[in-house]
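# Breakdown of the fold
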Amino acid sequence: MEPFVSVVIPTYNRPYPLAELLESLSRQTYRRFEAVIVNDGGERVDEIVALYPELCIHLIHCDENVGHVEARNIGVKAAQGELIMLCDDDDLLMPCHMERMVSNMDDADFVYSDVEIFHYKMENGMRIPTNRFLFAYEYDLQAMRSFSTYVPSGSLYRRAIHDVIGYFDPYVHNYWDWDFFLRVAETFRVKRVAVAGVLYAFSNEGNHLSRQVNERRQMYLNRLSEKHGLGHLPMKNFWLLLKEPEVEKRKAKSERIWDGAPFVSRLTNDLKKNPFGH
């Protein structure tokens, strides 16, 4: 029998992107999965979930905001699947993505794919892509210690991994995914799948963060470095990092399958039909 997958989705006050993610899940060619949505103390999302009755959804509502790292831990602990797939509430999965990832688990414990990063504009509650960028790099564990090219959304792994290495670490906060990847790679079989099956929504808000927030991020980066013995890792602009020679030489070819069209959710369709609410 095909393995059962739990898609763990933390969410916080992003109803329209969440609806688009559920739309992308409803289009999956692989059907043996549940979605575990952890609402991290935000506005209720029951009505959005109700728009997709064909999906098996386990909705957990936190009474207070516990933070995105702990929200993921809550979701993983509630998951019923033998395989876990992570996904942020504003990212999207191509229809064949889950099927492709499951098929690559025969000789791996942890698989991740390439992604297409997209910028967008909002129109009538829908994200309209304005440009796109392929993010595909060879898997090199040593190089991953200086710059992580792992995007957690859409990655798939055996739930039993948590029994060995524990859960996601809130202590490193922004860098929980980098930390998790390095911990997994120490013990388990990791594989990159060379297909851009994930659409990663990128925000430029990080360029306008206050000095205080940047100092806090550097603190978390220092914690990550100390935990894994990575040496000094200065904070740098993401796009400038991609142009550095050590990162450039890791660029890889990948299959691109997205036609560039937006994912129109049922929430958006409802808005079009009844723009003044119910």
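Everything that follows concerns the structure shown earlier in this document.
Only a predicted model underlies this, so the values are computations on that prediction, with no experimental measurement involved.

A few words on the overall build of the protein. Along the backbone of the protein there are 10 helices and 10 strands. Relative to a compact globule of 278 residues, whose C-alpha radius of gyration would be 19 Å, the protein shows 18 Å and is just as compact. Its C-alpha atoms give the protein principal-axis dimensions of roughly 55 × 50 × 40 Å. The long-range share in the protein, meaning contacts at least 24 apart out of those at least 6 apart in sequence, stands at 78%.

This brings us to the nonpolar core. The tendency in soluble globular proteins is for nonpolar side chains to be buried side by side. Counting 44 residues, the largest nonpolar core has Val5, Val7, Ile9, Leu25, Met98 and Leu156 as the members making the most contacts within it. Ranked by residue count, the leading element in this core is helix α1 (residues 15-26), at 5 residues. Setting aside anything within four residues of it in sequence, one finds Val5 in contact with Tyr30, Arg32, Phe33, Glu34, Leu83, Met85, Met98, Val102 and Leu156. In this structure, Val8, Val38, Ala78 and Phe168 belong to the second largest nonpolar core, which totals 27 residues.

Now for helix α6 (residues 176-187). Taking 1.5 Å per residue, 12 residues should reach 16 Å; α6 reaches 18 Å between its end C-alpha atoms and fits that length. Burial of α6 is extensive: 10 of the 12 residues sit out of reach of the surface. All of the buried residues in α6 are Trp176, Asp177, Trp178, Asp179, Phe180, Phe181, Leu182, Arg183, Val184 and Ala185.

The next thing to look at is the side chain of Asp114. Considering the arrangement of structural elements, one finds Asp114 in strand β6 (residues 110-123). Among the residues examined, Asp114 registers a relative accessible area of 2% and is labelled buried. Here the side chain of Asp114 touches Ser254 through a polar contact of 2.7 Å, side chain to side chain. Excluding its chain neighbours within four sequence positions, the residues that come into contact with Asp114 are Phe135, Ala136, Tyr137, Arg192, Val193, Ala194, Val195, Ala196, Gly197, Val198, Lys253 and Ser254.

This part covers unusual backbone geometry. Even without glycine at this site, Asn13 takes up a positive phi of about 55 degrees. As for its position among the elements, Asn13 is in the loop between β1 (5-11) and α1.

With respect to the helices and strands, Leu86 occurs in strand β4 (residues 83-86). On the accessibility criterion, Leu86 (1% relative accessible area) is buried. A C-alpha to C-alpha distance of 8.9 Å links Leu86 and Tyr157, two positions 71 residues apart in sequence. Apart from the residues lying within four places of it in its own chain, the contact partners of Leu86 are Val8, Tyr150, Pro152, Ser153, Gly154, Ser155, Tyr157, Phe168 and Trp176.

Once that is clear, we can look at the pairing of β6. Buried residues dominate β6, accounting for 10 of its 14 residues. Sheet analysis places β6 next to strand β8 (residues 156-158), joined by 2 bridges and oriented antiparallel. Each residue of the ladder has a partner; that of Phe110, found in β8, is Tyr157. The pairing of β6 with strand β9 (residues 190-201) spans 9 bridges and is classified as parallel. Looking at the pairing, Val111 lines up with Lys191 of β9. Strand direction decides the pairing type here: β6 and strand β7 (residues 126-135), joined by 9 bridges, are antiparallel. Paired with Val115 across the bridge in β7 is Phe135. Linkage of β6 to β7, two consecutive antiparallel strands, is achieved through a turn of 2 residues, within which Asn124 is found at a positive phi near 50 degrees.

A few words now on the packing of aromatic side chains. Pairs of aromatic rings are described using the distance from one ring centre to the other and the angle between the two planes. Within the structure shown, the criterion is met by 22 aromatic pairs. An angle of 85 degrees between the planes, with centres 5.6 Å apart, marks the rings of Tyr112 and Phe181 as edge-to-face. In this pair, Tyr112 sits in strand β6 while Phe181 sits in helix α6, placing the two residues 69 residues apart along the sequence. Residue classification places Phe181 among the buried residues on the basis of a relative accessible area of 0%. Put simply, the rings of Phe110, Tyr112, Tyr139, Tyr150, Tyr157, Phe168, Trp176, Phe180 and Phe181 pair up and form one aromatic cluster.

Parameters at a glance
Residues numbered from 1 in each chain as written. Predicted model: local features only at pLDDT ≥ 70, side-chain atom pairs only at ≥ 80, totals over all residues. Heavy atoms only, no water. Helix = DSSP H or I, 4+ residues; strand = E, 2+ residues; numbered from the N terminus. Rg over C-alpha atoms; globule rule 2.2 N^0.38 Å. Contact = heavy atoms within 4.5 Å. Core = buried A, V, L, I, M, F, W, Y, C linked by side-chain atoms within 4.5 Å. Buried < 20%, exposed > 50% of the residue type's maximum accessible area, 1.4 Å probe, protein only. Expected span 1.5 Å × (residues − 1). Polar contact = N/O pair within 3.5 Å; in protein donor to acceptor, adjacent residues only side chain to side chain. Pairing = 2+ DSSP bridges. Phe/Tyr/Trp six-rings, centres within 6.5 Å; stacked < 30°, edge-to-face > 60°.

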